[in-house]
Amino acid sequence: MNPKEEKVKIITEEFIENDKDAGVGRQKKTPKVARQKRKKRLPTTGPEEMVPENLHFNQQGPVPEDSDTRPLSMTSRRGPRSLPPIPSASRTGFAEFSMRERMREKLQAARSKAESTLLQEIPTPRPRRLQSPSEKEMETEFGTEADEEVQRTQKEDDSQSYSRVKFCDSVRKIKPKPVVPPGFPSAEEAYNFFTFNFDPEPEESEEKPKAKNRDGMNQEEEEGEEEEPPVQEHKMDEEELLSAKDDEDFLLGLDHAAEDFVVVRPADYESVHVRLQMEKELLFVPSRLTVPTYKKLPENVQPRFLEDEGLYAGARPEVPRACQNIMENRLLTQEPGRKWFGDDGKILALPNPTKGFPSRPPVLTREQDIKAELETLYKKAVKYVHRSQHMIGSGDPSGNFQLDIDISGLIFTHHPCFSREHVLAAKLAQLYDQYLARHQRNKAKFLTDKLQALRNAVQTELNPAKPHKSLDTTQKAINEYKSEIRQTRKLRDAEQEKDRTLLKTIIKVWKEMKSLREFQRFTNTPLKLVLRKEKVDQKTDEEAYEAEIQAEISELLEELMEEYERKMEGYRASYQQWKAWKKAQRAKKKKKKQAVEEHPDEEMEEPYPGEEPVKPVPPEPTDRALVEQQVRERAAWSRRRPGEPTLVPELSLAGSVTPNEQCPRAEVLRREDVKRRSIYLKVIFNDKEVSRTDSRPLGADFRVHFGQIFNLQIFNWPESLTLQVYETIGHSGTTLLAEVFLPIPETTIVTGRAPIEEVEFSSNQHVTLDHEGVGSGVPFSFEADGSNQLILMTSGKVSNGVAWAIGENGIPLIPPLSQQNIGFRSALKRADAISSIGTSGLTDLKKLAKWAAESKLDPNDPNNAPLMQLISVATSGESYVPDFFRLEQLQQEFNFVSDEELNRSKRFRLLCLRSQEVPEFRNYKQIPAYDREIMEKVFQDYEKRLRDRNVIETKDHIDTHRAIVAKYLQQVRESVINRFLIAKHHFLLSDLIVEEEVPNISSEGSGILGLSLFKLAEQKRPLRPRRKGRKKVTAQNLSDGDIKVLVNIIRAYDIPVRKPTASKFQQPSRSSRTFSEKRAASPTTHSPTHSTDYPLGQVLVRPFVEVSFQRTICHTTTAEGPNPSWNEELELPFRAPNGDYSTTSLQSVRDDVFINIFDEVLNDVLEDDRERGRGIHTHIERHWLGSVKIPFSTIYFQAKIDGTFKIDIPPVLLGYSKERNLIIERSFDSVRSLSEGSYITLFITIEPQLVPGESVREKFDSQEDEKLLQATAKFQTECALKFPHRQCLTTVTDISGKTVFVTRYLKPLNPPRELLDACPNSPQAMEELVARYVSLIPFLPDTVSFAGICDMWSTSDQFLDLLAGDEEEHAVLLCNYFLSLGKKAWLMMGSAIPEGPTAYVLTREQSHYLIWNPCTGHFYGQFDTFCPLKSVGCLIGPDNIWFNIQRYDSPLRINFDVTKPKLWKSFFSRSLPYPGLSSVQPEELIYQRTDKAAAAELQDRIEKILKEKIMDWRPRHLTRWNRYCTSALRHFLPVLERNQGEDIEDDHRAELLKQLGDYRFSGFPLHMPYSELKPLIEAVYSTGVHNIDVPNVEFALAVYIHPYPKNVLSVWIYVASLIRNR
Amino acid sequence: MAAAGPSVFLLMVNGQVESAQFPEYDDLYCKYCFVYGQDWAPTAGLEEGISQITSKSQDVRRALVWNFPIDVTFKSTNPYGWPQIVLSVYGPDVFGNDVVRGYGAVHVPFSPGRHKRTVPMFVPESTSKLQKFTSWFMGRRPEYTDPKVVAQGEGREVTRVRSQGFVTLLFNVVTKDMRKLGYDTGPPDTQGASGPSPQQGLPP
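The shown structure was predicted, so the numbers you read here are calculated from the model rather than taken from an experiment.

Novice: An account of the overall build of chain A is needed here, citing residue identities and associated values.
Specialist: Each helix and strand in chain A was counted, giving 45 helices and 38 strands. Here chain A has roughly 92400 Å² of accessible surface; of this, 53% comes from carbon and sulfur atoms.

Novice: Mind laying out the interface of chain A and chain B, listing which residues take part and the relevant values?
Specialist: The interface is formed by 34 residues belonging to chain A together with 38 residues belonging to chain B. Summed over both partners, the interface of chain A with chain B comes to about 3000 Å²; 53% of that surface belongs to carbon and sulfur atoms. Among the residues chain A hides against chain B, the three largest losses belong to Gln926(A), Leu992(A) and Glu996(A). Together they make up 22% of the total. Summed over the shared surface of chain A and chain B, the result is one salt bridge. Here Arg914(A) ties to Asp39(B) by a salt bridge, and the two come within 2.7 Å at their closest N and O atoms. In this structure, the connection of chain A to chain B is made through six residue pairs in polar contact (both at pLDDT 80 or more). Residue assignment for the side of chain A that touches chain B shows that the elements contributing at least two residues are helix H26 (906-915), helix H29 (989-992), strand S14 (993-994) and helix H30 (1009-1016) of chain A. It is H29(A) that contributes the most residues to the side of chain A that touches chain B, four residues altogether. As judged from the two bridges shared by S14(A) and strand S9 (residues 143-144) of chain B, these two strands associate in the antiparallel manner. When the bridges of S9(B) are listed, Val994(A) appears paired with Glu143(B).

Novice: So what's going on with the environment of Asn1156(A)? Residues and values would help.
Specialist: Residues and elements named next belong to chain A. Among the secondary structure elements, asparagine 1156 is positioned in strand S20 (residues 1152-1164). Sequence-wise, asparagine 1156 and proline 1103 are 53 residues apart; in three dimensions their C-alpha atoms are separated by 10.0 Å. When sequence neighbours within four positions are dropped, the list of residues in contact with asparagine 1156 reads Phe1104, Val1105, Glu1106, Ser1108, Trp1184, Gly1186, Ser1187 and Ser1582. A polar atom in the side chain of asparagine 1156 sits 3.1 Å from the side chain of tryptophan 1184.

Novice: An account of the packing of helix H42 (residues 1492-1513) of chain A against helix H45 (residues 1573-1583) of chain A is requested, with residue identities and associated values reported.
Specialist: Residue and element names in this part refer to chain A. Viewed as axis vectors pointing N to C, H42 and H45 meet at an angle of 45 degrees, and their least axial separation amounts to 11 Å. In terms of their interaxial angle, H42 and H45 are classed as oblique. Once H42 is placed against H45, the crossing between them reads as right-handed. Contacts from Ile1502, Ile1505, Leu1506, Lys1509, Ile1510 and Trp1513 in H42 reach Leu1573, Leu1576, Ile1577, Val1580 and Tyr1581 in H45.

Novice: Give a description of the sheet that holds strand S35 (residues 1520-1521) of chain A that names residues and reports values.
Specialist: All names here are of chain A. One open sheet holds the four strands; their spatial order is S35-S37-S38-S36, and the pairing between them is mixed. Strand pairing shows two members of the sheet lacking a second neighbour, S35 and strand S36 (1559-1569), which therefore form its edges. Against the sheet, H42 touches S35, strand S37 (1593-1604) and strand S38 (1608-1620), its axis set at about 155 degrees to S37. Running at roughly 30 degrees to S37, helix H43 (residues 1523-1538) makes contact with S35, S36, S37 and S38 of the sheet.

Novice: Pulling in residues and values, what's your account of the sheet that holds strand S32 (residues 1429-1436) of chain A?
Specialist: All names here are of chain A. What the seven strands build is an open sheet, ordered S31-S30-S29-S28-S32-S33-S34; its pairing is antiparallel. Looking at strand neighbours, the two that pair on one side only are strand S31 (1419-1421) and strand S34 (1464-1466), the edges of this open sheet. Here the average twist between neighbouring strands, direction ignored, is 35 degrees. Helix H41 (residues 1367-1380) rests against strand S28 (1384-1392), strand S29 (1396-1404) and strand S30 (1409-1412) of the sheet, and its axis sits at about 5 degrees to S29.

Novice: Please give an account of H41(A) that cites residues and values.
Specialist: Residues and elements named next belong to chain A. Between its terminal C-alpha atoms H41 stretches 20 Å, which fits the 20 Å expected from 14 residues at 1.5 Å a residue. Buried residues dominate H41, accounting for 13 of its 14 residues. Glycine 1382 lies just past H41 and shows a positive phi near 85 degrees.

Novice: Can you lay out the pattern of salt bridges for me, pointing to particular residues and giving the numbers?
Specialist: All names here are of chain A. Inspection of the entire model under this criterion finds 40 salt bridges over all chains. Two residues, lysine 445 and aspartate 449, come together in a salt bridge whose shortest N-O distance is 3.1 Å. Placement of both lysine 445 and aspartate 449 in helix H16 (residues 443-462) is noted, with a separation of four residues, approximately one turn of the helix.

Novice: An account of the nonpolar core is needed here, citing residue identities and associated values.
Specialist: Nonpolar side chains in soluble globular proteins tend to be buried together. Residue and element names in this part refer to chain A. Among the nonpolar cores identified, the biggest contains 73 residues, and Phe1134, Ile1155 and Ile1240 are the most heavily contacted of them. It is H42 that contributes the most residues to this core, six residues altogether. The residues contacting isoleucine 1155, other than those within four sequence positions of it, are Val1105, Glu1106, Val1107, Gly1186, Ser1187, Val1188, Ile1190, Ile1240, Leu1242 and Ile1244. Core analysis: the next-biggest nonpolar cluster, separate from the first, contains 56 residues, Phe1301, Val1330, Ile1436 and Tyr1487 among them.

Novice: Explain the UniProt feature "coiled-coil region" (unreviewed entry) in chain A residue by residue, including any values.
Specialist: Taken from the UniProt record, the annotation "coiled-coil region" (unreviewed entry) applies to residues 437-498 and 546-574 of chain A. Taken end to end, residues 546-574 of chain A is 100% helix and 0% strand, and its two terminal C-alpha atoms sit 41 Å from one another.

Novice: Can you explain a nonpolar patch on the surface? Please cite residues and give values.
Specialist: All names here are of chain B. Nonpolar side chains collect at one region of the surface, where Val94, Phe95, Leu130, Phe133 and Trp136 lie side by side and expose about 530 Å² of accessible area between them. Mapped onto the fold, leucine 130 is located in helix H1 (residues 129-138). Judged by relative accessible area, which is 46%, leucine 130 ranks as partly exposed.

Novice: Please set out the environment of Pro1312(A) residue by residue, giving values where relevant.
Specialist: All names here are of chain A. Mapping proline 1312 onto the fold places it in the loop between strand S26 (1299-1301) and helix H37 (1313-1318). Here proline 1312 falls in the buried class, since its relative accessible area comes to 0%. Linking proline 1312 and valine 1330, residues 18 residues apart in sequence, is a C-alpha distance of 8.5 Å. When near neighbours in sequence (up to four residues on either side) are disregarded, proline 1312 contacts Tyr1333, Tyr1377, Tyr1487 and Pro1605.

Novice: Residue-level account of unusual backbone geometry, with values.
Specialist: All names here are of chain B. A positive phi is found at arginine 62, a non-glycine position, where the angle reads about 50 degrees. Following the sequence through the fold, arginine 62 ends up in the loop between strand S4 (48-50) and strand S5 (64-76). Given a relative accessible area of 39%, arginine 62 falls into the partly exposed group. The phi angle at aspartate 177 is positive, at roughly 70 degrees, despite the residue not being glycine. Looking at the element boundaries, aspartate 177 is found in the segment after strand S10 (161-176).

Novice: Account for H42(A), with residues named and values stated.
Specialist: Residue and element names in this part refer to chain A. Over its 22 residues, H42 runs 31 Å from end to end, which matches the ideal 32 Å to within 8%, given 1.5 Å per residue. All of the buried residues along H42 are Ala1495, Leu1498, Gln1499, Ile1502, Glu1503, Leu1506, Ile1510 and Trp1513. All buried residues of H42 project into a common sector of 140 degrees when viewed along the axis, lining one side. Opposite the packed face of H42, turned more than 90 degrees from it, sit the exposed residues Ala1493, Lys1504 and Asp1512.

Rules and cut-offs
Residues numbered from 1 in each chain as written. Chains lettered and ligands numbered in written order. Predicted model: local features only at pLDDT ≥ 70, side-chain atom pairs only at ≥ 80, totals over all residues. Heavy atoms only, no water. Helix = DSSP H or I, 4+ residues; strand = E, 2+ residues; numbered from the N terminus. Areas by Shrake-Rupley, 256 points an atom, 1.4 Å probe, with all protein chains shown as cover. Contact = heavy atoms within 4.5 Å. Buried area = accessible area lost by both parts, 1.4 Å probe. Salt bridge = Lys/Arg side-chain N within 4 Å of Asp/Glu carboxyl O. Polar contact = N/O pair within 3.5 Å; in protein donor to acceptor, adjacent residues only side chain to side chain. Pairing = 2+ DSSP bridges. Axes fitted to C-alpha atoms, helices over the stretch in contact; angles between N-to-C directions. Parallel < 35°, antiparallel > 145°, perpendicular 65-115°, else oblique. Left-handed = near helix turned anticlockwise from the far one by under 90°. Expected span 1.5 Å × (residues − 1). Buried < 20%, exposed > 50% of the residue type's maximum accessible area, 1.4 Å probe, protein only. Core = buried A, V, L, I, M, F, W, Y, C linked by side-chain atoms within 4.5 Å. UniProt positions renumbered as here; feature names shortened; annotations may be inferred. Patch = residues over 30% accessible without salt bridge, like charges linked within 9 Å, V, L, I, M, F, W, Y side chains within 5 Å. Arc of directions from axis to C-beta.

Printed below as a string of structure tokens:
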């Protein structure tokens, strides 16, 4: 509906209903109308002139612009509409014309009146301001309307002149510019008005004839017609709206034609009155007068007041009466339906509490459903301006909270010192309190009223005034009411009875008290009871009483009647039954008789089916007299008799207490006793005393006033708050009377709002007193004969208030909710059940609903609102209460794609894996931006690894056992690494900040502050420069190519020299050597016979050194002679795996630096001697002599390696021999020649120096005794203080990551049986064999497997199972073997070359010590200069640790006698005796015999693989294999194993020569422990055998594996190259 | 590649280390370097530089002006690890030793356009009074093992620092293909380009 139309409608209604307003409007308007009339007449020259229409038309033509005509617009506008356009209509009679004229006037009058009504409402003089957009629209509608009319006239009236058209056009052109206010006639309208004939045609309009008729009937009565015109107006408007569309079309069609005209017009003026008039027409002002109730209610309905019926009706909001009236008027006018009014005829002002759904209509936009509304929208984040001034320290955990405890006083309701009178007084006071409380509640009155209301309701229901309600519901309602009445009556009777009994008791006690006072002749208490009688009007009272009784009787009768009816019904039914039964019985009997007659033998066995039904007794009808008697009796008992004055007891303290002098002695004693007593309270908070009140004397009235407030500053949520009542008697001491438990206040209770509460307490102490006091817990009696005994316990009340304090800024100092958990629950228990429903689901909702339905809760009462709501929710089944609890329930809203989709994204997966530092992806660079760019194969490796985690791959590992071990190691490693990933992210200051250390006076070197100051004055370029430490570089900012390994090769000693091939059949003297010989090996064993073979000056050997690292190879120049000196620096670039230069990654580099020594052999390739003169054609061959292998990890951790190393030379080096004689002859240092083998002096470092990763600083958990751990810590600090560089080891980490005391690892363990059996009579050989066995277990540094984490020690059985370990494991095992062999053996911690810190084994022979390298199986004498062990830190035995406190730490210079405390500091001493630690090692090692067949198979496979490899390495040459040689070598290898690679060279050579004849031959056997295939291949590759590219070279390769127990395999690889001699 | 749309976006940063405010120090020079994540790679320009030594201006501003240009282009597939510029300022102490005067880091602005950034600078503190004295005396102040530490959050809790001064930086940022890869960093009007634009002669 158009708003405008609606408005008009309202206006019309206004007119209909409110004549007064219209009248007011009219009064105002009449003069104006008159004036308008006058004005109108002026230009028209009045209708009286009877000018024909045409003439009139012509006259009026030039003056349409006159502003005076404008007020007529409405009429004029309407005019042409209702007029027929037929020109013939212009011929009208005068009577008609005048009538028309009058009609026009009337319309005008009505219109202006409406306008003035509007103006009344709107005081502003400018109506334009109030125009709403819709009104504006309306304006244009008016305008277009005019247009259309013009158009129509143009079309239909042929006689129109050109000028007129022109004029119309001009008008049209101007029209859009001035916005004509509504109701104003435009120029056109005015023009039309004046130019058209007003010819009423009955078929054109309905109103017009009506008006005409009226006019005809009573032309003078203008007033009577007032109602009509607006109606007409309204209809017209509707018509206009319909045609509005067409108008626009016209407008568009005509716009262009109007551009040529310019019309000069005067400025628009709108008179105030006109405007007011118009406003009055449009706007509606509701009346302020009160609307009579009947208007608001349906007809014939009496207002109903819920309050009077005892139902809850909420408090209506405060609205001024006038506003309410206006609203009501408006509603009545606007919506005739009375839905806005309640039953009481008042406007609905409160929400309906029983309404199940919200009243607010759902906001639904046009085409969106609810789901679309709920969809999550992305909004850009808006910056939140933080307002900090209102912030409270809610996050501040230490914010102090305050609990104010106000203890105002204490009253004893019983005390041992009570006299009898006091007891009665207390009782009286108590009763009186009860009375007061009851009086205040006045339940009886309430129930009486309710009863009354219910009765009324029944009356109204019974009244047949409400026909619309079905009879059924009415009946039901009545029944309900009746049952309610019954219940209410019962309750009321009970209440009244209680009231009455209470009153009686009060009086009785008071009487007793009075008699007691009289009896004892003194008064102890000031209590005084006054009974005030309130006279009542006897007559009315009696009437009321009687009426009440009558009502009750009638109700009772009704009830009884009902019951009677019911019983009668039952009786009738049962009677019928009985009758039927009887009949049946009789029939049966008859039948039976016949049966008996027929079958006399048959006995009457048939029993009756049940007991014979008793004949029912009809119920007695009720006797009215009896009922009345009952009712009266009850009333007499429980109610005040009619006419009896109402008794109001008043207790006062106005009585006087008898002074002491007049009291008997016993009483005086009692009073004295009371005076001596004093009371104080302790405040116990969370079971701790926090404060106590002052001690106050007990008053004679047994009241103690404290009036103290305690402010408890608390930190935690209070769990309990207790007051302890203490009593002090004289100076004797205090006794705890009772404890009072105070409830902890709700968070809403703050200081100032807390009510003072009385909390009762009582004690169970027994007190007997020797004076008047009745004592406590002892029986006493008021009677003279001692009967009717009473036992009273001390009890009382503490009045207190507990509340939360308010801080300075008005914030309550309440602890945050998180701390309240415990307190909250306990508070919940105390709270009433209803209010706590829903908070924790205490109650079964279904049961609750049932209960609520039964108890008929008033659904209107807001107190019940949450409950009703809950029930409606619970019972409707709408809300699904999940039985699970979900964390982060909003998470789903924030997920932008589903989890599956997210997981499917390869990019996301890649990012995740990288952030988890999964090894494959740790340094993945530039993860592609799109999924499609990520290849599936990126994940393949990773997925394969995941898949293979449990599958044992035997491809890489030929031996299955080793494969399992490798897998296991890998897994251990992974788990350990994962475990320490977090630890790795812990930083120390030194990791981040470089800071000069504080010069420490005690520190070694140039540490003293003074010295370093002195350094400042040092010369910049001293004459003798000293080496300065390099700056260390952290691995963070490194990249490929930044790191280089520098290898400085200085010189070598004792390189094997070539053997002239000519010499044949040398038979060297072989000798079996013993330890002693070895220790002081003399060169005499070697005969100097060889020397003769070498002519002086002949080049013995031309060695050069090749260093290979990560497949990069560098070599030195070739030097000459067996003791070459190169002094060259080789630079090898280092590449970290994956370009990751982090410490972890560097630590796990497993590459080795191979330093190989070759002999460069020049072979003359010239076949023809004739060529010799013209050129030199030689072929260079390189023969491998030996190698040194240094793991990169060692270099990395040591930073530099500097020293002389033993070259690993194969035991047999075909074509070469050691040239010892020469050395001696040249009188070399004899010490050097003591040892055999060749040596090389090296210096290796990394440039720039890298900071080695530090071991994890985490403390591991331990199962060791705490004292022991403390002792170890102490021991270590003490040792470190003295010798910071010496290694001191007390605790180690076992494989499960626990700290274990180191001596637990040492325990005698049995070596394999086979080894012991091998050489039963030679202990030395056995020891050597054992050492060899241990050395055959592959070496795997912990730092490699557990990069940067820590040194882990595995026990010997674990070590043997893993078949891999580093120095410690080897050393421990070897030491344990030695111990089991009955030797004295120690684990020796120290540092060696090249290993760095390491573990060796020290054994004591008869007179000397031997140092064993467990990884190689070699042993050295204590004074062996070539012993790789360079320093000794500590010795570890099975039961003690000794730290080296000698001045020197070189094994050459120290004394190994651990019994000397001056040289060795022992861990366990007399102050800390050895506690007998149990070992972590197993009782016994069990060795499985290794499968020989498997070993043989492995041997074949290795050989095959190696051969393939060699062929692979020689891609451009043909590789021929010499089978003879191979088989010869194969036979030779077991011999080597048997002899452990010693002193068989010459035998072997002879044999080879015998077999192979004239081959130039170079070859060597390699010996290694077997762990994996890769090291074997690597070793073969490093010898460079394959590099020989002489065309006719042949190769021989043999592999031999000797199995030792427990899968320890010794691998021999014999590689040889043969060149046939011409 | 052109058909499939870009697989990397480019970030070109130029600008300069304009000036510094170090009220107590004079004759300072500055080093800068960029720290970026694994998905980033520099394609052109210098990632690090070291400026000339500048002395304080004689006017009231006492500014240390370097006007040291920065010009570097990165490519990346992922905004994670957006480049940060790490600045470290050095200057002589009373004894003439070169000591660090401040570290600071700031992210390269995300949105294209001209940005000015003022970076507060700080230095690590000595661990003790004695250390402080000796480090002052010896001219070996505590330094970060790597200036890039200031661009990372990990492990910073073990350090204590002191504020020193400010360095003002000017960045001109140009991005390419950010929008196409779905990263909207700037106001919409600055990201006009849409549709495949012809490959500019940038190195791959």
